[in-house]
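Listed below are the residues making up each chain.
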Amino acid sequence: MTPPRVAQRTLWVRTLALDLGSTIGWAVRLPDGSIASGTAAFRPGRFEGGGMGWLRFRHWLDSMAASAGPIGSIVFEEVRRHAGTTAAHVYGGFLAHLTAWCEAASIPYQGVPVGTIKRFATGKGNAPKEAVIAAMRARGFAPADDNEADAIALLLWAIDARGGVQ
C-alpha cells in the first residue's frame, strides 16, 4: 500500500502591489527574489466606450497572473480622498474591478493607506511624490514615475510587514 500523497505547500507567496488609476503602477517579487515593476495605461481611446479601460485592466490582471506565476495576494494603495470627482470615479471603477477579480480568483487583497506607504518609504506620511521617487531610487530601483515608485514602496512595505516572506 502506498502512502497518501501530501501536497507540498510552498512558502513563496507572490504579492502584486498596485497603485490604481488610469495609469497603474505595479510591482511584484519574483521567485528568485528580484522585483519587477512598471506602469500600464488603461485610459479608454477616443472612439471607445468608457468601460474599455476597465476591460483592458481585467485582461491585464489575467495576463499578469499567468506570466508572474500564481499570485498569492494583492496589496493596493488605498486612496481615501481625491482631488476631484472624475479621479474618485476612476479609482472606484478600478477598485471595483480589482476586488471582483480577486474574489473570483480567491486571491486575498488589502488596501494600504497612502500615508502608511509614504511614511514607510520616506519617514513622512505627507511626503511629496518626488520624495517617494527619490527614496525608491536610493534603494536601487529606477521608477519611471510616481505610480511605479508608489507600487515599489507598497511592495517593500508588504514584504517588511510580513517578515520578508513573499
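Please read these numbers as outputs of a predicted model, since none were measured by experiment.

Peer 1: Before we go on, may I ask you to explain the sheet that holds strand 3 (residues 35–41) in this structure?
Peer 2: In a beta sheet, neighbouring strands pair by backbone hydrogen bonds and run either parallel or antiparallel. Taken together, five strands build an open sheet; the order of strands is 3-2-1-4-5 and the sheet is mixed. If you trace the sheet from one side to the other, it starts and ends with strand 3 and strand 5 (109–113), each paired once. The average undirected angle you get between the axes of adjacent strands in this sheet is 20°. When strand 1 (residues 14–19) meets strand 4 (residues 71–78), the two strands line up parallel, connected through five bridges.

Peer 1: Explain the packing of aromatic side chains to me, please; I cannot follow it from the model alone.
Peer 2: The description of an aromatic ring pair uses the distance of the two centres, along with the angle that the planes make with each other. As enumerated under the stated definition, the model contains seven aromatic pairs in all. Measuring from centroid to centroid gives 6.0 Å for Trp 54 and Phe 94, while their planes differ by 70°, and the two rings are edge-to-face. Here Trp 54, found in helix 1 (residues 52–68), pairs with Phe 94, found in helix 2 (residues 85–105); they are 40 residues apart in sequence, far enough to count as distant. The class for Trp 54 is partly exposed, based on a relative accessible area of 24%. Taken together, the aromatic side chains of Trp 26, Phe 42, Trp 54, Phe 57, Trp 60 and Phe 94 make up a single cluster linked through ring pairs.

Peer 1: Would you explain the environment of Thr 99 in this entry?
Peer 2: Turning to its location among the elements, Thr 99 is positioned in helix 2. Put simply, Thr 99 and Ile 74 are 25 residues apart on the chain and 9.5 Å apart in space, counted from C-alpha to C-alpha.

Peer 1: What is the right way to look at the pairing of strand 4 in this model?
Peer 2: As a general feature of sheets, a regular strand has side chains that alternate between the two faces. With six of eight residues buried, strand 4 is to be regarded as a mostly interior element. Two elements, strand 4 and strand 5, share five bridges in a ladder whose sense is parallel. Looking at the pairing, Val 75 lines up with Gln 110 of strand 5.

Peer 1: Teacher, can you tell me more about the pattern of salt bridges here?
Peer 2: Close approach of charged atoms lets side chains of opposite charge pair. Throughout the structure, instances matching the rule amount to one salt bridge. Taking the shortest distance from any N to any O, the salt bridge between Lys 129 and Asp 146 comes out at 3.6 Å. Of the two residues, Lys 129 sits in helix 4 (residues 129–138) while Asp 146 sits in helix 5 (residues 146–161), which places them 17 residues apart along the sequence. Its relative accessible area of 48% is what places Lys 129 among the partly exposed residues.

Peer 1: How should I be thinking about the packing of helix 4 against helix 5 in this particular structure?
Peer 2: How two helices sit against one another is set out by the angle between their axes and by the gap between those axes. Where helix 4 contacts helix 5, the axes come no closer than 9 Å and their chain directions differ by 60°. Relative to helix 5, the element helix 4 is oriented oblique. Handedness of the crossing formed by helix 4 with helix 5: left-handed. Only Asp 146, Ala 149, Asp 150, Ile 152, Ala 153 and Leu 156 of helix 5 make contact with helix 4, whose side of the interface consists of Lys 129, Val 132, Ile 133 and Met 136. Residues belonging to the contact of helix 4 with helix 5 are distributed by class as follows: seven nonpolar, no polar and three charged.

Peer 1: Would you mind going over the environment of Gly 25 with me for this structure?
Peer 2: With respect to the helices and strands, the residue Gly 25 is situated in strand 2 (residues 23–29). Taking the C-alpha atoms as reference, Gly 25 lies 8.2 Å from Ile 152; in sequence the two are 127 residues apart. When sequence neighbours within four positions are dropped, the list of residues in contact with Gly 25 reads Ala 17, Leu 18, Asp 19, Gly 38, Thr 39, Asn 147, Glu 148 and Ala 151.

Peer 1: Help me understand helix 4, please; the structure alone is not making it clear to me.
Peer 2: Because each turn of an α-helix spans 3.6 residues, side chains separated by three or four positions in sequence point in the same direction. Among the residues of helix 4, Val 132, Ile 133, Ala 135 and Met 136 are the ones counted as buried. Along the axis of helix 4, the buried positions cluster into a sector of 160°, meaning they face one direction only. In helix 4, the exposed positions that point more than 90 degrees away from the buried face belong to Glu 130 and Ala 138. Structurally, helix 4 contributes buried residues whose contacts are with helix 3 (114–122) and helix 5. Phi for Gly 140, located one or two positions after helix 4, is positive at around 95°.

Calculation criteria
- Residues numbered from 1 in each chain as written.
- Predicted model: local features only at pLDDT ≥ 70, side-chain atom pairs only at ≥ 80, totals over all residues.
- Heavy atoms only, no water.
- Pairing = 2+ DSSP bridges.
- Helix = DSSP H or I, 4+ residues; strand = E, 2+ residues; numbered from the N terminus.
- Axes fitted to C-alpha atoms, helices over the stretch in contact; angles between N-to-C directions.
- Phe/Tyr/Trp six-rings, centres within 6.5 Å; stacked < 30°, edge-to-face > 60°.
- Buried < 20%, exposed > 50% of the residue type's maximum accessible area, 1.4 Å probe, protein only.
- Salt bridge = Lys/Arg side-chain N within 4 Å of Asp/Glu carboxyl O.
- Parallel < 35°, antiparallel > 145°, perpendicular 65-115°, else oblique.
- Left-handed = near helix turned anticlockwise from the far one by under 90°.
- Contact = heavy atoms within 4.5 Å.
- Nonpolar A, V, L, I, M, F, W, Y, C, P; charged D, E, K, R; others polar.
- Arc of directions from axis to C-beta.

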